[in-house]
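Each chain is listed here by its residues.
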Amino acid sequence: MVPRTRRKLVGAVAGVLLAGVPAAFVTRALDDYVDRQIREEAGAGARRALAHAERRIDQAIDGLATLAGAVGTDCREIDVHALNRIVVTTTPVKEIGVLDSDGTARCAELGLAAHSWLLSREVAAAGSGVRLAVVRPLDVRHRVLRVRARPAEGALGIAAFLPADMFMRDEPTRAGAGQVEVRVMLNEGTVVAGSDHRAPWPQSLEDRVTVMVESERYPLVAVASAPRAALAAGHSELTTIGTLGSAAIALLMLALGILLPWRDRNNPIGEMERAIARNEFVPYFQPIVDLQSGKVVGAEVLVRWRKPDGEVVPPARFIPLAETSGLILEITRALMRATRDELGPALARRPATRIAFNLTAQHFANETIVADVRAVFDGSAIALSQLAFEVTERERLDDLATARRVIAALQGLGCRVAIDDVGIGHGGLSYMLKLGVDFIKIDKMFVDAISTERYTTTMIDTLVDLAQNMRMDIIAEGVETFEQVAYLRDHGIRMAQGYVFAPPLPGSLFLQLLEAIDPLQPGQSAPAPASALAQYVAERRSAAA
Ligand code: C2E
Ligand code: CA
Ligand code: CA
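Keep in mind the model is a prediction, meaning the values are calculated, not measured.

Visitor: Kindly report on a nonpolar patch on the surface, identifying the contributing residues and their values.
Guide: Side chains of Trp117, Leu119 and Leu138 sit close together on the surface and give an oily, nonpolar patch of about 310 Å² of accessible area. Structurally, the position occupied by tryptophan 117 is in strand E3 (residues 116-118).

Here's what the structure looks like:
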């Protein structure tokens, strides 16, 4: 229970942490996006103001162009009516003045624009020769843009005066754009017109978004500026959407964090890999008994998957997947290490006791198992000569030559090799016997037949003959009754394993059993009397009854 809860917790925490990453990205991306939007808005405002100013100047210049012949070199030649007509017909032009080449007002006596203060330098537009200056007429308080066309050689110049308010547009203010201030300025920096051009921008520049656009035709710029906060407020829906989006992502990641471990739990190979890492595959030991002496001569290692919740899963439920996934190799290593650690001391004191491991066809495809065996047992409390390996007759070995080499290598280490499940394989025993093994294990099926169908027991006699001819030992498996014990012993079978003696036992119980029926006096390794096992079995039977 605890690990599962913890796994969920870990998943949830990972989910939250993972969720933080995209949420941070979203927030950042959103900030960038809002910032870009704000800049675009301000830029658009500035471009509109600039285009408007250019149009006003265009209008003034068009008006001035019609006066080309109306001004000569002398005030007396001036067609005052034509000049006044321009003031009436050209919207932005409120006055017309005549200037000499250095910009001084002339011909004021004709009722034309009189002298004014220059508030800026006069700047010329490249190419057209149009000159712009910000001036303040002596009699008014507001600024005026003076637009002067290039005068004909030697002639007096004419200037159009455009009041500042001609440059301001009445734009419908949009949400958040209310605080955008746009100023139109000469490119030398003097403000022509703008919302409160006298006041400096009210906040420091970092707190404002400021965008400047330059005119391509006149020496003019438009600057739009607004407090960042006010603009961001205009995008509050977006920010809300972004925040909700981040929250949604966070929730999604959270859900994934919780679901992934769950999904992983449903991925059997992943689950098996983690179980290997957590040492959940544990060896059980089924005693192998000498039928003559009653002594435990060894044990077969049978794997069990002990899950964290206490469930003990039998091999039939996971060995097939372990084999197809290849994880069986790692599981076998884990079993060998666990066996060495658990039984080492007891087996060191009982050098005649053997331990058998089950191998699969994969183990005989190359010599990895030989290296594994050495790595685990070389120099350990369990001698290599105490080891046996079983290869089942059920599975066909693809590469018989390699299998023989692996078997020979194991035997070279001092280990013994057995053919398991003899009698039920499809490969045929004769081909298996080419492997040069040390003993065979008769399948439970033939042992079962002993009590029921007497005629199939001839199979056992045949196997006994065969084994004796080939100098192989025989172990009978799945022995459940004393009748079978007697039969096997009478037919020359020396060793057996089965429930009649003991089921596969966890290490601690197997060690207890070893001590109970084969007690060692200090410094002595004498065989236990056969009666000890008989007594043990009798106790088991009466306990079971
Ligand atoms: P096996 O190698 O033929 O192992 C003998 C099976 O018969 C074991 O089943 C054992 O518990 C069971 N058995 C022993 N005595 C009796 C008996 O008196 N009556 C009955 N009905 N059954 C008895 P288990 O432990 O469930 O293992 C099943 C099979 O799983 C094994 O058959 C073996 O093929 C495979 N296996 C078990 N452990 C390993 C392992 O570590 N590696 C590999 N590759 N296969 C393993
Ligand atoms: Ca076996
Ligand atoms: Ca078997």
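Further notes follow.
Visitor: Account for helix H13 (residues 482-490), naming residues and giving values.
Guide: Along H13, the positions that sit buried rather than exposed are Gln484, Val485, Tyr487 and Leu488. Along the long axis of H13, the arc covered by the buried residues comes to 165°, so they all point the same way. Looking one or two places after H13, you find glycine 492, whose phi comes out positive at around 85°.

Visitor: Provide a residue-level description of the coordination of the calcium ion (ligand 3), including the pertinent values.
Guide: Here the calcium ion (ligand 3) is held by the protein donor atoms Asp420 (OD), Asp421 (OD), Glu477 (OE) and Glu477 (OE), which lie 2.2 to 2.6 Å from it. Read N to C, the donor residues that coordinate the calcium ion (ligand 3) are spaced as D-D-x55-E. Between the calcium ion (ligand 3) and the calcium ion (ligand 2) the interatomic distance amounts to 3.9 Å, and aspartate 420 serves as a bridging ligand to the pair. Considered together, aspartate 420 and aspartate 421 belong to a single accessibility category, that of buried residues.

Visitor: Pulling in residues and values, what's your account of the site of ligand 1?
Guide: Neighbouring residues of ligand 1: 21 residues in total, closest Gln286, Arg304, Lys444, Glu480 and Tyr499. Backbone polar atom of valine 303 to a nitrogen atom of ligand 1: 3.0 Å apart, as the coordinates give it. At a separation of 2.6 Å, a nitrogen atom of ligand 1 approaches a polar side-chain atom of glutamate 480. Protein contacts shield 80% of the accessible area of ligand 1, which totals 790 Å² for the unbound molecule. Of the residues in the shell around ligand 1, the class split is 9 nonpolar, 5 polar and 7 charged.

Visitor: Report on the packing of helix H7 (residues 328-348) against helix H8 (residues 368-377), specifying residues and quantitative values.
Guide: Interhelical geometry of H7 versus H8 gives an angle of 25° and a closest axis separation of 10 Å. It follows that H7 is roughly parallel to H8 by the angle criterion. Crossing geometry of H7 relative to H8 is assigned as right-handed. The segment H7 lies against H8, with Arg333, Met336, Arg337 and Arg340 engaging Thr368, Ile369, Asp372, Val373, Val376 and Phe377.

Parameters at a glance
Residues numbered from 1 in each chain as written. Chains lettered and ligands numbered in written order. Predicted model: local features only at pLDDT ≥ 70, side-chain atom pairs only at ≥ 80, totals over all residues. Heavy atoms only, no water. Patch = residues over 30% accessible without salt bridge, like charges linked within 9 Å, V, L, I, M, F, W, Y side chains within 5 Å. Areas by Shrake-Rupley, 256 points an atom, 1.4 Å probe, with all protein chains shown as cover. Salt bridge = Lys/Arg side-chain N within 4 Å of Asp/Glu carboxyl O. Helix = DSSP H or I, 4+ residues; strand = E, 2+ residues; numbered from the N terminus. Buried < 20%, exposed > 50% of the residue type's maximum accessible area, 1.4 Å probe, protein only. Arc of directions from axis to C-beta. Donors = N, O, S within 2.8 Å, 3.2 Å for Na, K, Ca; no water. Near = heavy atom within 4 Å. Polar contact = N/O pair within 3.5 Å; in protein donor to acceptor, adjacent residues only side chain to side chain. Nonpolar A, V, L, I, M, F, W, Y, C, P; charged D, E, K, R; others polar. Axes fitted to C-alpha atoms, helices over the stretch in contact; angles between N-to-C directions. Parallel < 35°, antiparallel > 145°, perpendicular 65-115°, else oblique. Left-handed = near helix turned anticlockwise from the far one by under 90°. Contact = heavy atoms within 4.5 Å.

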